[in-house]
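# Summary of the model geometry
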2 protein chains.
Amino acid sequence: MPRAPTYAASGVSRPALGRAVRALIEAARYRAPRSHGLALPAPGHYAGLLKVGRETLALTTDTVGTKVLLAEQLGRWEEVGEDAVAINVNDLAAVGARPAGLVDTVLCEAPDPATFAAIGRGLARGLARARCSLLGGESAAVREIVRGFDLGATALGFFPGRRRPILGGRIAPGDVLLGIPSSGFHANGFTLIRRIVRIARVDLHRPRAGARLSVGRELLTATRTYIDASEALADRPFTHGLAHLSGGGVRNLPRIGPNVRFVLDRWGEPPPLARWLQEAGDVRDREMFQTFNMGIGFVAVVAPARANAALRALERAGVRDARSIGTVESGRGVALPEFGLRYEGYT
Amino acid sequence: MPRAPTYAASGVSRPALGRAVRALIEAARYRAPRSHGLALPAPGHYAGLLKVGRETLALTTDTVGTKVLLAEQLGRWEEVGEDAVAINVNDLAAVGARPAGLVDTVLCEAPDPATFAAIGRGLARGLARARCSLLGGESAAVREIVRGFDLGATALGFFPGRRRPILGGRIAPGDVLLGIPSSGFHANGFTLIRRIVRIARVDLHRPRAGARLSVGRELLTATRTYIDASEALADRPFTHGLAHLSGGGVRNLPRIGPNVRFVLDRWGEPPPLARWLQEAGDVRDREMFQTFNMGIGFVAVVAPARANAALRALERAGVRDARSIGTVESGRGVALPEFGLRYEGYT
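The rules behind each value
- Residues numbered from 1 in each chain as written.
- Chains lettered and ligands numbered in written order.
- Predicted model: local features only at pLDDT ≥ 70, side-chain atom pairs only at ≥ 80, totals over all residues.
- Heavy atoms only, no water.
- Helix = DSSP H or I, 4+ residues; strand = E, 2+ residues; numbered from the N terminus.
- Rg over C-alpha atoms; globule rule 2.2 N^0.38 Å.
- Buried < 20%, exposed > 50% of the residue type's maximum accessible area, 1.4 Å probe, protein only.
- Contact = heavy atoms within 4.5 Å.
- Areas by Shrake-Rupley, 256 points an atom, 1.4 Å probe, with all protein chains shown as cover.
- Least-squares fit on C-alpha atoms with pLDDT ≥ 70 in both.
- Lys, Arg positive; Asp, Glu negative; His and termini not counted.
- Salt bridge = Lys/Arg side-chain N within 4 Å of Asp/Glu carboxyl O.
- Polar contact = N/O pair within 3.5 Å; in protein donor to acceptor, adjacent residues only side chain to side chain.
- Buried area = accessible area lost by both parts, 1.4 Å probe.
- Pairing = 2+ DSSP bridges.
- Axes fitted to C-alpha atoms, helices over the stretch in contact; angles between N-to-C directions.
- Domains from an automatic or database assignment.
- 1 Å grid on protein atoms, 1.4 Å probe; cavity = no way out; pocket = protein on both sides within 12 Å on 5 of 7 lines; lining within 4 Å.
- Points joined across faces, edges and corners; volume = space filled by probe spheres on them.
- Nonpolar A, V, L, I, M, F, W, Y, C, P; charged D, E, K, R; others polar.

Turning to the overall build of chain A, a few remarks are in order. Along chain A, the regular secondary structure elements total 11 helices and 13 strands. Scaling as 2.2 N^0.38, a compact globule of 347 residues should have a C-alpha radius of gyration of about 20 Å, and chain A matches this with 20 Å. Over its C-alpha atoms, taken along the principal directions, chain A stretches across nearly 50 × 50 × 45 Å. For chain A, the proportion of its 347 residues judged to be buried stands at 64%. Put simply, of all contacts in chain A between residues at least 6 apart along the chain, 84% involve residues at least 24 apart. Split by element, the accessible area of chain A, about 12900 Å² in all, is 48% carbon and sulfur.

Set out below in structure tokens:
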């Protein structure tokens, strides 16, 4: 194993994918007439926005990625079913949209009712946490294209009452950053995680030192849903921005505030599981924080004078583990002084 | 090659997939509170329906399936890019929804800017035909899950003005069936098509007798978009039902009318390409009509006294090739008397 594995080295080249995606977006440009709805600009944001009749809607799509390969290895499918909902509704949460409907996609080599039922139970759990309806889905047996399973979903959200999309436009130096803990690695970075597990010959069926669950079960833990947090904050004027720390880790923050610096000076100690993985793979902090959520899965940017009001609103909504993790300063990018890290932006 | 290949024999077992999907749907049951929108029942229909605030919305998702393998073989990606839009907006067309927004999913082994750009050009063409905005997408390099490419999309539609979803509830014996021609095999049945091509040793780069384009180019032809047809009919009270003849061929009709019989007694001669494939693969009519669209890709069910008015409305919208292909009778299922075929329903 090389000294410091990066996400690119584990088989996922972000710059190459970025170039290809930009080529697709450039070629796919088309402007629809107003009679077919009005797409609202939200470049680089977590969900596409569209005004249709009298409603503003948010649409977002994502797949569970290579976490399904861990599910297959462990023969457990409920967690990734729940992930398929959570990763999408959390992107809705990041624009302040309330989840309303979801469609799932299950592509497989061979359809097996027991696996499909387990995925369905996971979907139900995710839907209940997000209070979102399942509107349909697509299932296909395409053994020439997919090895094992591919699992994804698309979620549709709306802005109830007078709520407006929260895109970060009011983020300003002095704002406070509130962090809400993650439930584990969620569904990001699993190509690197699985590489470390393989090379370090980790036994997935045993607990690591100090843990109760097996490593496999810990790694598979379903993604936390941040809808309660978003619903508690999205109607409040003190909420300047919301961010879902998915793939890209803390580098997601510049997506909602490209012209400020996010100084995360009270991050605290990353979760034991993350540190354990980091040690097993001999991975640098720099790579960990730009690949994984490192313990914080969702960030709210709030007006400084109202940070306590925001924390109380979260508590009333049942989100009792939010805490201040930093502040917004003038500048650009992300800084984690506790770890001696700086990032320029989101790539 | 066996005497009469079926879709199941070519690697896609519809009953097995059906069992798995039913297990997933059963397990995924969850009823969201009214504050998160109201899912409207449309069982077995082409799109999920949801009331959000003052708007009714339709959401549908589908992938291009194994047609991408033909695209890869021929090194042409624009057609399947266009398909990814068309197959989804045609499902919206079948509930009378107007397309508003789409998100795409491109999963690949390795991201290549030229291929992504060609897919993007195809998406743009499909979006322009449907007058639909691209709201975002998900692209991932997941070489452990996907061989080559997987290409799909999710489309969001709405019901402008006083329009209501068209679900077939007013279909009655006596109604006239108007058929609108397809542009080829669209994106259905390609596992069987590719099997026939392989076993019959078809040279994809040469035209079949009587054709100008190579067989490969003919097979790859992008899916026709039926939005103009749907928009011309969806606000008219004489329109009792709309059906997209996608995977399952004529067996899609009982989806919109489970308690009537669709008698297709003026289908006419299937397209030369379909007959050529049938002969090359020694496939029975029964299998052809329940796997492919056989020349008609979209069907409108209209009140008998207004069939000519419907044809005129289609003509005014630029849809000049619609024609009467049959009538609704009492009973169940689908009959094609010209071909001596009967089907019980949609499986």
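Next, the rest of the story.
With that out of the way, let us pick up the relation of the copies chain B and chain A. Mapping chain B onto chain A calls for a screw motion: a turn of 180° about the axis and a shift of 0.0 Å along it, with 0.0 Å RMSD after fitting. The two molecules are tied by a two-fold rotation axis, judged by turn and shift. Within chain B, the C-alpha atom positioned nearest to the axis of rotation is that of Val 146 of chain B, 2.4 Å from it. Taken together, the interface assignments show that 100% of the residues at the interface of chain B recur at the interface of chain A, consistent with an identical surface on both copies.

All names here are of chain B. Structurally, Asp 91 can be placed in helix α3 (residues 78-93). Buried charge without a partner: Asp 91 forms no salt bridge, and the closest opposite charge is Arg 255, 5.8 Å away. Engagement of the side chain of Asp 91 in a polar contact is seen with the side chain of His 244, the distance being 2.7 Å. Apart from residues lying up to four places away in sequence, Asp 91 is in contact with Tyr 46, Ala 47, Thr 60 and His 244.

What follows is about the interface of chain B and chain A. Contacts between the two partners involve 81 residues from chain B and, on the opposite side, 81 residues from chain A. When the two sides are added together, the surface that chain B and chain A hide from each other amounts to roughly 6800 Å², 67% of it contributed by carbon and sulfur. On the chain B side of the contact with chain A, His 36, Glu 144 and Ile 145 of chain B bury the most area, a combined 12% of that side's loss. Where chain B meets chain A, there are four salt bridges. One salt bridge in this structure joins Glu 144 of chain A and Arg 194 of chain B, with 2.9 Å as the shortest N-O distance. Between the two partners, chain B and chain A, sit 16 residue pairs in polar contact (both at pLDDT 80 or more).

Moving on, we come to the sheet that holds strand β9 (residues 260-263) of chain B. Residue and element names in this part refer to chain B. On the basis of which strands lie adjacent, the open sheet formed by seven strands has the order β8-β10-β7-β11-β9-β12-β13 and mixed pairing. Looking at which strands have only one partner, the edges of the open sheet turn out to be β8 (239-244) and β13 (341-343). Averaged over all pairs of adjacent strands, the angle between their axes in this sheet comes to 20°, without regard to strand direction. When strand β12 (residues 333-336) meets β13, the two strands line up antiparallel, connected through three bridges. Counted as the bridge partner of Leu 336 is Leu 341 from β13. Strands in contact with α3 are β8 and β10 (296-302); relative to β8, the strand with the most contacts, it is inclined by about 160°. Across the face of the sheet, helix α11 (residues 307-316) comes into contact with β7 (176-181), β10 and β11 (323-330) while running at roughly 20° to β7.

All names here are of chain A. As assigned here, chain A comprises domain 1 (60-158) and domain 2 (176-343). Taken over C-alpha atoms, the centre of domain 1 sits 22 Å from the centre of domain 2. Contact residues are listed per partner, giving 27 residues for domain 1 and 26 residues for domain 2. The contact between domain 1 and domain 2 buries some 2400 Å² in all, and 60% of this surface belongs to carbon and sulfur atoms.

Our next topic: empty space enclosed by the protein. Counted under the stated rule, the structure contains one cavity of 30 Å³ or more. What the largest cavity holds in volume is close to 110 Å³. For the lining of the largest cavity, a count of residues per class yields four nonpolar, 10 polar and four charged.

Before going further, it helps to spend a moment on the pattern of salt bridges. Opposite charge on two side chains permits pairing when their charged atoms draw close. Residue and element names in this part refer to chain A. Under the defined criterion, the tally for this structure stands at 38 salt bridges over all chains. Between Arg 163 and Glu 231 there is a salt bridge, with the nearest N and O atoms lying 3.0 Å from each other. With Arg 163 in the loop between β6 (149-158) and β7 (176-181) and Glu 231 in helix α7 (residues 227-233), this residue pair connects regions lying 68 residues apart in the sequence. The residues Arg 163 and Glu 231 share a single accessibility class, namely buried. Salt bridges linked by common partners bring Glu 78, Glu 82, Arg 121, Arg 125 and Arg 129 together as one network.

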